[in-house]
Amino acid sequence: MKAFIVKKYGKKEKLHLTDWAVPSVNENDVLVQVHSAGVNLLDSLIRNGDFKLFLPYKPSFVNGHDVAGIVTKIGSKVSKFKVGDEVYSRPSDYRVGTFAEYISIDENDVALKPKNLSMEEAGSIPLVGLTAWQALVEIGKIQKGQKVFIQAGSGGVGTFAIQLAKHLGAFVATTTSAKNIELVKSLGADLIIDYKTEDFETKLKDYDLVLHSNRDSKILEKSLRILKSGGQLVSLVGPPTPEFATTIGLPWYLKLVTKLISLGVKKKAKKLNSNFIFLFMRAEGRQLSEITKLIEAGIIKPVIDKVFSFEQTNEALSYVETGRSRGKVVIKIK
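None of these values were measured; they are calculated from a predicted model.

A. Looking closely at the UniProt feature "domain: Enoyl reductase (ER)" (unreviewed entry) in the protein chain. Cross-referencing UniProt, the feature "domain: Enoyl reductase (ER)" (unreviewed entry) maps to residues 10-331 in the present numbering. Regarding residues 10-331, the helix share stands at 32% and the strand share at 25%, and the terminal C-alpha atoms are separated by 22 Å.

Next comes the structure, spelled out in structure tokens:
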């Protein structure tokens, strides 16, 4: 099969299109013929080597974390899926590799594709959908009437998270640029802040949860200050925490590293009587099935900016890296 691989780590490195072995199918796996693959900033960070301390992939390996496609083969113990099923997934760490014609995935990380979505639309959902779900439902336990601040509302996670937070009954504030104000308003945002001309700290206070996705340390501090006492900041960009290190089973010395790099922000949060939580989303087929129900009910709609061809995978990654995409970028493989 054809696949785009990381030959060596580096920001200037391109992914290489090459012939690659079709992955083997273990007893609990389904082999999926990939029709589309969502593109995420995580793909670039993995290629750059930014996560190799925590996720030590050994080059060469296939990149890509989002997939929609058709089951072509199942393992001997698979009970949830059959050959011919249309499915989508965010494969678990160490099993990634959706920038390819086939991928083998544990059945517990897979869900049936929403019937009302195309393959390209479905391929845009898993990573951002699960990220938003784990932040707002699992960690945040958002209730009706609570206030949620979602940064970068017109991005991949933002466009999904606004819709989910509104469905949960929250009042939603978000940041975006002037040209995307109508988009985030159409998704349900109640209070929209133009980040280029306005300071969100002067407009927001007593928020229950901040979904934080900006690497600027000043933005992180401001985000903590707008929380109410007992509020939660769920960060997608870090710094990673010892709790995260424990969850993914890192050795003691890496737990120590995360303790040191998150010490400052945890102290600031404690002083404000709030919580800082680092979320590195995980694969989870059951949660994806819950998301499928919301999509099929018309409650959440995918937002897609551009669809690239398989051959244009590197261009798709470069476009995502600009940080200017409205919603998701997808590669059409079949």
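On we go from here.
B. Highlighting the pattern of salt bridges. A full pass over the atoms with the stated rule returns 21 salt bridges. A salt bridge links Arg90 to Asp93; its shortest N-O distance comes to 3.0 Å. Relative accessible area serves as the criterion here: at 1%, Arg90 is assigned to the buried category. What makes Asp93 partly exposed here is its relative accessible area of 22%.

C. Quick look at the environment of Leu183. Secondary-structure assignment places Leu183 in helix H5 (residues 181-187). Using a relative accessible area of 12% as the deciding quantity, one classes Leu183 as buried. For the pair Leu183 and Lys267, spaced 84 residues apart in sequence, the C-alpha to C-alpha distance is 37 Å. Beyond its immediate sequence surroundings of up to four residues, Leu183 is in contact with Ser154, Thr159, Val303 and Arg326.

D. The arrangement of the sheet that holds strand S12 (residues 207-212) in detail. Read across the sheet, 6 strands follow the order S11-S10-S9-S12-S13-S14 without closing on themselves; strand pairing throughout is parallel. Of all strands in the sheet, those bounded by a partner on one side alone are strand S11 (191-194) and strand S14 (275-278). Taking each pair of neighbouring strands and ignoring which way they run, the sheet shows an average axis angle of 15°.

E. Up close: the sheet that holds strand S4 (residues 61-62). Strand order in this open sheet of 3 strands is S2-S1-S4, and the pairing throughout is antiparallel. Strands with a single pairing partner mark the edges of an open sheet, and in this sheet they are strand S2 (16-19) and S4. Relative to S4, strand S1 (residues 2-6) is paired through 2 bridges, and the arrangement is antiparallel. When the sheet's bridge partners are listed, Ile5 is paired in S4 with Val62.

F. Summary view of the packing of helix H1 (residues 41-48) against helix H10 (residues 313-321). Axis separation between H1 and H10 bottoms out at 9 Å; the angle between their running directions is 105°. Our classification of the angle between H1 and H10 gives roughly perpendicular. Taking contact as the criterion, the partners of Leu41, Asp43, Ser44 and Arg47 in H1 are, on H10, Leu317, Val320 and Glu321. Here the residues of the contact of H1 with H10 sort into 3 nonpolar, 1 polar and 3 charged.

G. Structural view of the environment of Asp29. Mapping Asp29 onto the fold places it in strand S3 (residues 29-39). Overall, Asp29 belongs to the buried group, its relative accessible area being 2%. Setting aside residues up to four positions removed in sequence, Asp29 forms contacts with Ser24, Lys73, Ile74, Gly75, Val78, Arg95, Ser104, Ile105, Asp106 and Glu107. Among the polar contacts listed, one links the side chain of Asp29 to the side chain of Arg95, at a separation of 2.9 Å.

So, how was this worked out
- Residues numbered from 1 in each chain as written.
- Predicted model: local features only at pLDDT ≥ 70, side-chain atom pairs only at ≥ 80, totals over all residues.
- Heavy atoms only, no water.
- UniProt positions renumbered as here; feature names shortened; annotations may be inferred.
- Helix = DSSP H or I, 4+ residues; strand = E, 2+ residues; numbered from the N terminus.
- Salt bridge = Lys/Arg side-chain N within 4 Å of Asp/Glu carboxyl O.
- Buried < 20%, exposed > 50% of the residue type's maximum accessible area, 1.4 Å probe, protein only.
- Contact = heavy atoms within 4.5 Å.
- Pairing = 2+ DSSP bridges.
- Axes fitted to C-alpha atoms, helices over the stretch in contact; angles between N-to-C directions.
- Parallel < 35°, antiparallel > 145°, perpendicular 65-115°, else oblique.
- Nonpolar A, V, L, I, M, F, W, Y, C, P; charged D, E, K, R; others polar.
- Polar contact = N/O pair within 3.5 Å; in protein donor to acceptor, adjacent residues only side chain to side chain.

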